[in-house]
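Chain by chain, the residues run as shown.
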Amino acid sequence: MTQHVKTEVAGGIMTMTLARPEKKNALSNEMYSAMSEGLERAEKDPAVRVVLFQGDGDSFTSGNDITDFSAQANGSNIGESQAFRFIRNLGKATRPLVAAVQGNAVGVGTTMLLHCDLVFLADTAKLMTPFVNLALVPEAASSWLLPARIGHVRAYAMFALGQPLDAAAALACGLANAVVPAADLRARAWQAAEALTKRPAGSLSHTKALMREMDKIAAQTNRESALFAERLQTGEAREAFAAFAERRKPDFTNLTSD
Ligand code: COA
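Here goes a summary of the coordinates provided. The numbers attached to residues start from 1 for each chain and follow its sequence in the written order. Totals for whole chains, interfaces and linings use every residue, but because this is a predicted model, local features are given only for residues with pLDDT of at least 70 and side-chain atom pairs only at 80 or more, for both listing and counting. Calculated side-chain values reflect all of the structure's heavy atoms, with hydrogen atoms and water omitted.

## Focus: helix α3 (residues 82-92)
Using the following cut-off: Note on classification: 1.4 Å probe, protein chains only; a residue is buried when its accessible area is under 20% of the maximum for its type, exposed when over 50%, partly exposed between these limits. The helix and strand labels rest on DSSP assignments: H or I over at least four residues marks a helix, E over at least two residues marks a strand, and numbering proceeds from the N terminus. Contacts are assigned to residue pairs that have any heavy atoms within 4.5 Å of one another. What qualifies as a polar contact is a pair of N or O atoms within 3.5 Å, subject to a donor-acceptor requirement within protein and to the restriction that residues adjacent in sequence count only when both atoms come from side chains.
α3 sits mainly inside the fold: eight of its eleven residues count as buried. Taken together, the buried residues of α3 touch α1 (29-44), β3 (50-55), β4 (97-101), α4 (108-111) and α10 (214-232). Between a side-chain oxygen at the N-terminus of α3 and the backbone nitrogen of Ala83 the separation is 3.4 Å; the capping residue is Ser81.

Set out below in structure tokens:
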């Protein structure tokens, strides 16, 4: 099988590269599993001091693979949800997480950035969390973390209307450290990750823990996940996924709330 997440460790940095550019790095269950394994290894392996996420192609990631959502909505068993495992691991990570983001960062592509400690955006970056357009609810504790970071109304517009944030807007509202030309993105993120490898690892992980309410993140993630799983089974969600497959706009007007 083609490896859609490339994991490499060098110089104290674990780089996880999303490598499914033909699908805009849409995240399959296998990809979530590979990223979860990476995060689990990073917590235990002293050779890993920092984790760096990046994506091949013109998009960081288009988020969860919608064909997997669709399969779940239609009752297929795609195995244990690795997305939840990944999200749980992100929430409790103690190693510094760095992200290099170009182009589209959709759904978890944006919500995972709320768990990263340094975020670099290419000038092409576009952050989107169109959960309601897909008849779903926010995940990865973003229903709490995003409004806390950027304010309720901006977060609501992103969740409910699918309003994107371009790189400059994301920088202005504190979701990123810097916006750089796309050609410089990886070097800039690597440089930052390298600087972290030189800092005392114990001090870094305690500092991170002090800055994040991990219990609250875990509790919110659990609440969201229960609702998310419920929403996946609705007629609204089936309509949203069918519309994506058929490349048309969804029509929710004849559906009552379920
Ligand atoms: N799941 C599954 N396949 C996806 C995908 C996703 N999340 N995002 C993109 N793809 C696929 C497309 O179906 C297309 O496949 P095809 O070439 O076999 O037809 C391919 O990737 C390229 O995508 P395309 O839509 O043609 O690229 P684009 O540049 O016009 O648009 C996006 C890029 C990301 C804006 C658009 O693909 C999109 O909105 N994707 C869905 C995002 C989403 O809602 N994710 C879930 C969040 S919870």
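## What to know about the pattern of salt bridges
As a working rule, side chains carrying opposite charge can pair if their charged atoms are close by. Note the threshold: Whenever a carboxyl oxygen of Asp or Glu lies within 4 Å of a side-chain nitrogen of Lys or Arg, that contact is scored as a salt bridge.
For the structure shown, the criterion picks out ten salt bridges. Measuring nitrogen to oxygen at the nearest pair gives 3.1 Å for the salt bridge that ties Arg231 to Glu236. By the burial criterion, Arg231 is buried, and Glu236 matches it. Among the ionic pairs, Glu246 bridges to Arg248, the shortest N-O distance being 2.7 Å. When salt bridges with common partners are traced through the structure, they connect Lys6, Asp56 and Arg186 into a single cluster.

## Digging into the site of the ligand
Note the cut-off: Nearness is defined per residue: one heavy atom within 4 Å of the molecule or strand is enough. Three residue categories are used. Nonpolar comprises Ala, Val, Leu, Ile, Met, Phe, Trp, Tyr, Cys and Pro, charged comprises Asp, Glu, Lys and Arg, and polar comprises the others, including Gly.
In the vicinity of the ligand lie 15 residues, with Lys23, Ser62, Asn64, Ile66 and Arg247 positioned nearest. In the environment of the ligand, a nitrogen atom lies 2.8 Å from a nitrogen or oxygen atom belonging to the backbone of Ser62. In this structure, a nitrogen atom belonging to the ligand sits 3.0 Å away from a main-chain N or O atom of Asn64. Residue classes in the shell around the ligand are distributed as six nonpolar, four polar and five charged.

## As for the pairing of strand β6 (residues 118-122)
The line we're drawing: Only strands joined by at least two bridges in the DSSP assignment are considered to pair.
The buried fraction of β6 amounts to five of the five residues, a majority that puts the element mostly inside the structure. Burial of β6 is two-sided: the residues Leu118, Phe120 and Ala122 facing one way and the residues Val119 and Leu121 facing the other way are all buried. Pairing between β4 and β6: four bridges, direction parallel. Of the residues in β6, the one forming a bridge with Val101 is Leu121.

## As for the side chain of Asp68
This is how the line gets drawn: His is not counted, nor are the chain ends; Lys and Arg add positive charge and Asp and Glu add negative charge.
The residue Asp68 is located in helix α2 (residues 66-73) in this model. Of the side chains with opposite charge, Arg20 comes closest to the buried, unpaired Asp68, at an N-O distance of 6.7 Å. Not counting residues up to four positions away in its chain, the partners in contact with Asp68 are Leu27, Ser28, Asn29 and Ile78.

## Observations concerning the state of the cysteines
Which entries qualify depends on this criterion: For the purposes of this analysis, a disulfide is any pair of cysteine sulfur atoms at a distance within 2.5 Å.
Counting across every chain of the model gives zero disulfides. Unpaired in terms of disulfides, Cys116 finds its nearest cysteine sulfur in Cys173, a separation of 16 Å.

## Re helix α11 (residues 235-245)
Buried within α11 we find Gly235, Glu236, Ala237, Glu239, Ala240, Phe241 and Ala243. In this structure, the buried residues of α11 make contact with α2 and α10. Arg247 sits one or two positions beyond α11 and adopts a positive phi of about 50°.

## Here we look at the packing of α2 against α11
Using the following cut-off: Each axis is a line fitted through C-alpha atoms, and for a helix only the stretch in contact is used; angles between axes span 0 to 180 degrees, taken between their N-to-C directions. Note on terminology: angles under 35 degrees are roughly parallel, angles over 145 are roughly antiparallel, angles of 65 to 115 are roughly perpendicular, and the others are oblique. Take the far helix as your reference; a near helix turned counterclockwise from it by less than a right angle gives a left-handed crossing, and one turned clockwise gives a right-handed crossing.
Across the interface, α2 lies against α11 with an axial gap of 10 Å and an inter-helix angle of 140°. The orientation of α2 relative to α11 falls into the category oblique. Relative to α11, the crossing made by α2 is left-handed. On α11, the residues touching Ile66, Phe69, Ser70 and Ala73 of α2 are Arg238, Phe241 and Phe244. Residues belonging to the contact of α2 with α11 are distributed by class as follows: five nonpolar, one polar and one charged.

## Quick look at the environment of Arg231
Along the polypeptide, Arg231 turns up in helix α10. Along the primary structure Arg231 and Gly57 are separated by 174 residues, whereas in three dimensions their C-alpha atoms are 31 Å apart.

## Regarding the sheet that holds strand β5 (residues 104-106)
As summarised here, the arrangement of the three strands in space is β5-β7-β8, forming an open sheet in which the pairing is mixed. This sheet does not close on itself; its edge strands, each paired only once, are β5 and β8 (165-166). One ladder, built from three bridges, connects β5 with strand β7 (residues 126-128); its direction is parallel. Among the inter-strand pairings, Ala105 is bridged to a residue of β7, identified as Leu127.

## Digging into the sheet that holds β6
Taken in spatial order, the six strands of this open sheet run β1-β2-β3-β4-β6-β9, and their pairing is mixed. Two strands bound the open sheet, and with one partner strand each, they are β1 (5-10) and β9 (178-180). Adjacent strand axes in the sheet meet at a mean angle of 20°, parallel and antiparallel pairs treated alike.

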